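Listed below are the residues making up each chain.
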Amino acid sequence: MAVSVPGGADVPACADASWPGMVSGLERRDTDPADPAVAAWGDPAVVARCGVAAIGPSETECIDVDGQGWVPEPLSDGTRFVSFGRDPALEVLVPSDYDPAPLLLPAFTEVAGALPRNGLDCR
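This structure is a prediction, so every number in the text was calculated from the model and none was measured.

## Some points on the packing of aromatic side chains
Summed over all chains, the structure comprises 2 aromatic pairs. Three or more aromatic residues joined by ring pairs form one cluster here, namely W19, W41 and F108.

## Considerations on the sheet that holds strand β4 (residues 46-52)
Judged by pairing direction, the sheet is antiparallel, and its 8 strands sit side by side in the order β1-β2-β3-β4-β8-β7-β6-β5 without closing on themselves. Two strands close off the open sheet at either side, each with one partner strand: β1 (22-23) and β5 (63-65).

## So, the pattern of salt bridges
Taken as a whole, this structure holds 5 salt bridges when the rule is applied. For R29, the salt bridge identified is with D43, shortest N-O distance 3.9 Å. Residue R29 is located in strand β2 (residues 26-29), and its partner D43 is located in the loop between β3 (38-41) and β4; the two are separated by 14 residues in the primary sequence. Of the residues examined, D43 reaches a relative accessible area of 70% and is grouped as exposed. E91 is paired through a salt bridge with R80; the nearest N and O atoms lie 2.5 Å apart. Of this pair, E91 sits in strand β8 (residues 89-95) while R80 sits in strand β7 (residues 78-84), placing them 11 residues apart in sequence. With relative accessibility at 21%, the residue R80 sits in the partly exposed group. If you follow the salt bridges from partner to partner, you end up with R49, E73, R80 and E91 in one network.

## Some words on the pairing of β2
Taken together, the 2 bridges between β1 and β2 define a ladder with antiparallel strand orientation. The partner of V23 across the bridge, within β2, is L26. Taking the residues between adjacent antiparallel strands as the criterion, β1 and β2 are bridged by 2 residues, where S24 takes a positive phi near 50°. Pairing of β2 with β3, which is carried by 2 bridges, proceeds in the antiparallel orientation.

The rules we used
- Residues numbered from 1 in each chain as written.
- Predicted model: local features only at pLDDT ≥ 70, side-chain atom pairs only at ≥ 80, totals over all residues.
- Heavy atoms only, no water.
- Phe/Tyr/Trp six-rings, centres within 6.5 Å; stacked < 30°, edge-to-face > 60°.
- Pairing = 2+ DSSP bridges.
- Helix = DSSP H or I, 4+ residues; strand = E, 2+ residues; numbered from the N terminus.
- Salt bridge = Lys/Arg side-chain N within 4 Å of Asp/Glu carboxyl O.
- Buried < 20%, exposed > 50% of the residue type's maximum accessible area, 1.4 Å probe, protein only.

Next up, the structure:
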């Protein structure tokens, strides 16, 4: 699975990300490049990238999952979630095959929670 490594992937929390072995019953799969800041599960793949640019305040409703804020962005084939209140941020791409997509986010709480806080919270 080809993925791009985000520019902020060199922070310790991304370089040492504790990715889950499974996400909602989906097994982890290899990525190209094989980098500790990116991971994928299943086919079609759920893709997580640690070190993406943080997002600021937005009109989009922030979803709180296990105490971690996520901002969703609908895509043509699924949903992109970006952790809110972390800098750099964690991005999770969930194909529409796995809807309702927010149900997969608890698997990423630990990785997102390890990223530095930036003072912003979901409201």
